[in-house]
Amino acid sequence: MKGKALFIINPISGGKKKDGVPDLIEKHLDSQSLQPVIVFSDSVSHARQIALDAVNKFEVVVAVGGDGTVNEVASAIVGTNTHLGIVPFGSGNGLSRFLQVPMDPEHAIKTLTTGKVEVIDSATLNGKPFFNMAGIGFDAHIAEIFSHNKKRGFITYIKSTFEEFNKYKAQLYQIEIDGKLYEREAFMISFANSSQYGNNAHVSPHASVQDGMLDVCIIKQFPLWRLVEMGIRMMTKTADKVKFLEIIRGKHIIIKRTEDGPIHLDGEPIMEGKEITINVLPASLKVIVGEGYKKS
């Protein structure tokens, strides 16, 4: 990549301090290829507004943060010629991990000039973009609780999961996928563009961000004692082998549920109504991926 790069730094993502990031950029970015401009976001949706203003002015806009920051930045540049770069600093970093972007900030910064560019799919839920994973049910419930917790990070997320697991009950959903109707009682439903939530927890091991499809992952209620097993399955990319997970692939999805409630878009919770419409936008985002990424 050559040209100008705008770095948008989320100062609070993942509970990690980022005061030293500008120095890392100055030290490790090949400035002969990319000329950096650095800004810090200061509120929810601020990164998106900064990125919107950068379209057609910068060749690359770099999200320095977690999946939520990536979502904000990508939402602004999707469908344009501006490239997305990522320096992961979040709790899960799901899309970054899937795209083989290095977790080490120094290496991630170097990858912005040494990595390759791929064009990936995105999707919308009720018109709102997501790029890695969206969901309803238990994971959206946890995302809502997690968003109000002053402590961030993987340990806090796992603690909330165990505390809420037996309290949350499966709900009945009507699901239409590419015109075919299903009725399922589900503990949660994930709409997977990539294979993983984050932290290398793969709910749909064979998902691809370049096939023009989403994997609709329907998880039935299961006992608490199998939660550890499910975690191991996700870490070993064998979650699709358990009987309480059903995966159906599609492009156009309509979900109807009995009541309003939270959903999440790349881990960020919002409230939505009883009907949810999800559409795939094939080959809609240009992104700089890690050297180890293999097109699937």
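Above this text you will find the structure in question.
Residues numbered from 1 in each chain as written. Predicted model: local features only at pLDDT ≥ 70, side-chain atom pairs only at ≥ 80, totals over all residues. Heavy atoms only, no water.

Novice: Looking at this structure, I do not really get the side chain of glutamate 272. What am I missing?
Specialist: Here glutamate 272 lies in strand E15 (residues 268-272). What makes glutamate 272 buried here is its relative accessible area of 12%. At a separation of 2.9 Å, a polar atom in the side chain of glutamate 272 contacts the side chain of asparagine 126. If we skip the residues at most four places from it in the chain, glutamate 272 touches Leu125, Asn126, Lys128, Arg257, Asp260, Gly261 and Ile263. (Helix = DSSP H or I, 4+ residues; strand = E, 2+ residues; numbered from the N terminus. Buried < 20%, exposed > 50% of the residue type's maximum accessible area, 1.4 Å probe, protein only. Polar contact = N/O pair within 3.5 Å; in protein donor to acceptor, adjacent residues only side chain to side chain. Contact = heavy atoms within 4.5 Å.)

Novice: Help me understand the pairing of strand E10 (residues 188-192) in this model?
Specialist: Judged by how many residues are buried, E10 sits mostly within the fold: five of five residues are covered. Where burial is concerned, the two faces of E10 agree: the one with Met188, Ser190 and Ala192 and the one with Ile189 and Phe191 are both buried. Pairing between strand E7 (residues 133-137) and E10: five bridges, direction antiparallel. When the sheet's bridge partners are listed, methionine 133 is paired in E10 with alanine 192. As paired elements, E10 and strand E11 (residues 214-219) share five bridges and run antiparallel to each other. (Pairing = 2+ DSSP bridges.)

Novice: In this structure, what is going on with helix H2 (residues 46-54)? I would like to understand it.
Specialist: The α-helix winds at 3.6 residues per turn, so residues separated by three or four positions along the chain end up facing the same way. Among the residues of H2, Ala47, Ile50, Ala51 and Ala54 are the ones counted as buried. End-on, the buried residues of H2 take up no more than an arc of 100°, which puts them together on one face. Two residues or fewer after H2 comes asparagine 56, characterised by a positive phi angle close to 75°. (Arc of directions from axis to C-beta.)

Novice: Explanation requested: the packing of H2 against helix H3 (residues 67-77) in the structure shown.
Specialist: For any two helices packed against each other, one specifies the crossing angle of their axes together with the interaxial distance. Two numbers describe how H2 lies on H3: the axes approach to 8 Å, and their chain directions differ by 30°. Regarding the angle of H2 to H3, the classification is roughly parallel. Two packed elements cross with a definite hand, and for H2 against H3 that hand is right-handed. Each of His46, Ala47, Arg48, Ala51 and Leu52 in H2 lies in contact with H3, whose residues at this interface are Glu72, Val73, Ser75, Ala76 and Ile77. (Axes fitted to C-alpha atoms, helices over the stretch in contact; angles between N-to-C directions. Parallel < 35°, antiparallel > 145°, perpendicular 65-115°, else oblique. Left-handed = near helix turned anticlockwise from the far one by under 90°.)

Novice: Can you help me understand the pattern of salt bridges in this one?
Specialist: Oppositely charged side chains can form a pair if their charged atoms are brought close together. Going through the model one piece at a time under the given rule, you end up with seven salt bridges. Between aspartate 215 and arginine 249 there is a salt bridge; the shortest N-O distance is 3.3 Å. On the criterion of sequence distance, the pair formed by aspartate 215 in strand E11 and arginine 249 in strand E12 (residues 245-250) is long-range, its members being 34 residues apart. Here arginine 249 falls in the partly exposed class, since its relative accessible area comes to 41%. For arginine 226, the salt bridge identified is with glutamate 229, shortest N-O distance 2.8 Å. Overall, glutamate 229 belongs to the partly exposed group, its relative accessible area being 25%. (Salt bridge = Lys/Arg side-chain N within 4 Å of Asp/Glu carboxyl O.)

Novice: I'm lost on the nonpolar core in this one. Help?
Specialist: Across soluble globular proteins, nonpolar side chains have a tendency to be buried as a group. In this structure, Leu84 and Leu99 are the most contacted members of the largest nonpolar core, which totals 44 residues. Leucine 99 has contacts with Val209, Val287, Val289, Gly290 and Tyr293, leaving out every residue within four places of it along the chain. Ranked by size, the runner-up nonpolar core spans 43 residues in total, among them Leu125, Ala134, Phe187 and Ala201. (Core = buried A, V, L, I, M, F, W, Y, C linked by side-chain atoms within 4.5 Å.)

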